[in-house]
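Below are the chains, spelled out letter by letter.
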Amino acid sequence: MGIDNSKTSRKINIILLGLESSGKTFFLFSRVKQLIEVGGEIKTKPTEGFNYEEIRFDSMEIAIWDLPGKESLRSFWPIYYKNIAFDGIIYLIDYDNKTTLDESIKVLHEIVVKEEFSECSIIIFVNRNIEDCIDNND
């Protein structure tokens, strides 16, 4: 008799990163939570510690870690990625905030070269105010 792997649970760890006010927590609670049909109004505040959500699909569990992007709190990021094997990174950039755009790209470059992320898939979301796109015909 063989082992039935169809019932084996697989956990995928995703780390959600970006600078402060890039939209990480909003993304987590508005987009990801839609997958598990959580309704209601989405209200977010700056993340001081971290947000953690788990989503289950059949035998797969997705754990999403939303870490704070405030400069003084980014020094805590290594505590997570050195102790948790992450399978993927979702990185958010606020394109409309021109004062932090260069810094955000610099931080992204610093992240992708980390040995801890060498086998991670990376998704980059660039937030842009849709009204600006419509008004400027971009």
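These figures come from a predicted structure and were not determined experimentally.

Cut-offs and rules
- Residues numbered from 1 in each chain as written.
- Predicted model: local features only at pLDDT ≥ 70, side-chain atom pairs only at ≥ 80, totals over all residues.
- Heavy atoms only, no water.
- Pairing = 2+ DSSP bridges.
- Helix = DSSP H or I, 4+ residues; strand = E, 2+ residues; numbered from the N terminus.
- Axes fitted to C-alpha atoms, helices over the stretch in contact; angles between N-to-C directions.
- Contact = heavy atoms within 4.5 Å.
- Patch = residues over 30% accessible without salt bridge, like charges linked within 9 Å, V, L, I, M, F, W, Y side chains within 5 Å.
- Areas by Shrake-Rupley, 256 points an atom, 1.4 Å probe, with all protein chains shown as cover.
- Salt bridge = Lys/Arg side-chain N within 4 Å of Asp/Glu carboxyl O.

Draft legend 1. Highlighting the sheet that holds strand S4 (residues 88-94). Taking strand neighbours across the sheet as the criterion, the five strands line up as S2-S3-S1-S4-S5 in an open arrangement whose pairing is mixed. In the strand order of this sheet, the two ends are held by strand S2 (51-57) and strand S5 (121-127), each with one partner. When the angles between neighbouring strand axes are averaged without regard to direction, this sheet yields 20°. As paired elements, S4 and S5 share seven bridges and run parallel to each other. Within the sheet, the bridge partner assigned to Asp-94 lies in S5 and is Asn-127. Against the sheet, helix H3 (residues 98-112) engages strand S1 (10-18), S4 and S5, with an angle of about 170° to S4.

Draft legend 2. Spatial organisation of a nonpolar patch on the surface. A cluster of nonpolar side chains, namely Tyr-95, Val-112, Val-113, Ile-122, Ile-124 and Val-126, defines an oily patch on the protein surface of about 500 Å² accessible area. With respect to the secondary-structure elements, Val-113 resides in the loop between H3 and S5.

Draft legend 3. Main features of the pairing of S2. Of the strand pairs in this sheet, S2 and strand S3 (residues 60-66) are connected by seven bridges, and their pairing is antiparallel. Within S3, the position partnered with Phe-57 by the bridge is Met-60. In this antiparallel pair of consecutive strands, S2 and S3, the connection spans two residues, and Asp-58 shows a positive phi of 50°.

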